[in-house]
Amino acid sequence: MEYGCATGLISLNLCDKFKKVTLMDSEKEMIKIVKEKLDKCKKSNIFPIQIDLVNEAYKGDKFDLIYTSLAIHHIQNTEKIIKIFYNLLNENGMLCIIDLDKEDGSFHINQKDFNGHNGFEHRYMENIFESVGFSNIKSETFYNGEKIYKEKTIPYSLFYTVGYKK
């Protein structure tokens with residue numbers, strides 16, 4: 001399952017590796033775009049759902065793998081969403097979060113109403129994983145990049161944190 005799937009870019013590129021992929025996003029417009037893409041590519045193992053897991057309960061099947069990419073820093077209550085993910089995993093299931101390393105807020109400089117996190121320190125994320133019940137937790141920065149905004153170069157880096165449900 002991918003949470004915060006946006007337009008489905010990641011899962012549409014990974015879906016051939018899985019029997020079934022559930023894509024979730026809280027934004028109706030994102031799920032609409034995913035469905036339009038699915039109509040064109042004829043993938044039958046992708047199932048998009050519009051749901052805000054922070055405020056709505058998902059009552060479907062549990063998952064062997066949950067992954068997110070650049071979604072968690074948009075969610076205020078990080079511990080709550082990670083607990084929700086833990087509860088949605090099968091035993092020995094894996095959670096993989098990809099997100100921004102802690103930064104000074106420059107990454108969202110063009111979003112005046114941004115009220116999320118300015119990335120995370122690895123230890124912060126690892127502590128949440130541990131407190132929720134995950135084991136074999138690992139975090140690592142794996143990407144350093146730049147984006148341009150109004151001719152200003154903004155460096156940023158991405159990390160992953162993975163853990164397994166006991």
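All figures in this text were calculated on a predicted structure; none of them were measured in a lab.

Colleague: Is there a simple way to think about the pairing of strand 5 (residues 89-100) in this case?
Modeller: Note that strand 4 (residues 63-69) and strand 5 share six bridges and pair parallel. Bridge assignment links T68 to a residue of strand 5, and that residue is I97. One ladder, built from seven bridges, connects strand 5 with strand 7 (residues 152-165); its direction is antiparallel. From the neighbouring strand, I97 faces strand 7, where its bridge partner is T161.

Colleague: Please explain the pattern of salt bridges as it appears in this structure.
Modeller: According to the stated counting rule, one finds six salt bridges in the structure shown. Where E79 meets K83, a salt bridge forms, and the shortest distance between an N and an O atom there is 3.7 Å. Of the two residues, E79 and K83 are both situated in helix 3 (residues 78-88); the distance of four residues between them amounts to about one turn of the helix. Under the relative-accessibility criterion, K83 is labelled partly exposed at 41%. We note a salt bridge from E126 to R123, for which the minimum N-O separation is 2.8 Å.

Colleague: What am I meant to see in the nonpolar core here?
Modeller: Within the largest apolar cluster, 27 residues are counted, with the highest numbers of intra-cluster contacts made by L53, I81, I82 and L95. Those elements giving two or more residues to this core turn out to be strand 4, helix 3, strand 5 and helix 4 (122-132). Per-element accounting of this core gives the leading share, six residues, to helix 3. Apart from the residues lying within four places of it in its own chain, the contact partners of I82 are L95, I97, M125, I128, F129, V132 and F134. In terms of nonpolar packing, the next biggest core, distinct from the first, is built from 13 residues, I31, L38, Y67 and V162 among them.

Colleague: Just checking my understanding: could you explain the environment of E91 for this structure?
Modeller: The residue E91 is located in strand 5 in this model. Among the residues examined, E91 registers a relative accessible area of 63% and is labelled exposed. Contacts of E91, omitting those with residues within four sequence positions, involve K165 and K166.

Colleague: Which parts of the structure should I look at to understand the state of the cysteines?
Modeller: In a disulfide, the sulfur atoms of two cysteines are covalently bonded to one another. Tallied over the full model, the rule gives zero disulfides. Unpaired in terms of disulfides, C5 finds its nearest cysteine sulfur in C15, a separation of 13 Å.

Parameters and conventions
Residues numbered from 1 in each chain as written. Predicted model: local features only at pLDDT ≥ 70, side-chain atom pairs only at ≥ 80, totals over all residues. Heavy atoms only, no water. Pairing = 2+ DSSP bridges. Helix = DSSP H or I, 4+ residues; strand = E, 2+ residues; numbered from the N terminus. Salt bridge = Lys/Arg side-chain N within 4 Å of Asp/Glu carboxyl O. Buried < 20%, exposed > 50% of the residue type's maximum accessible area, 1.4 Å probe, protein only. Core = buried A, V, L, I, M, F, W, Y, C linked by side-chain atoms within 4.5 Å. Contact = heavy atoms within 4.5 Å. Disulfide = S-S within 2.5 Å.

Just geometry here; none of it tells us what the structure is for.
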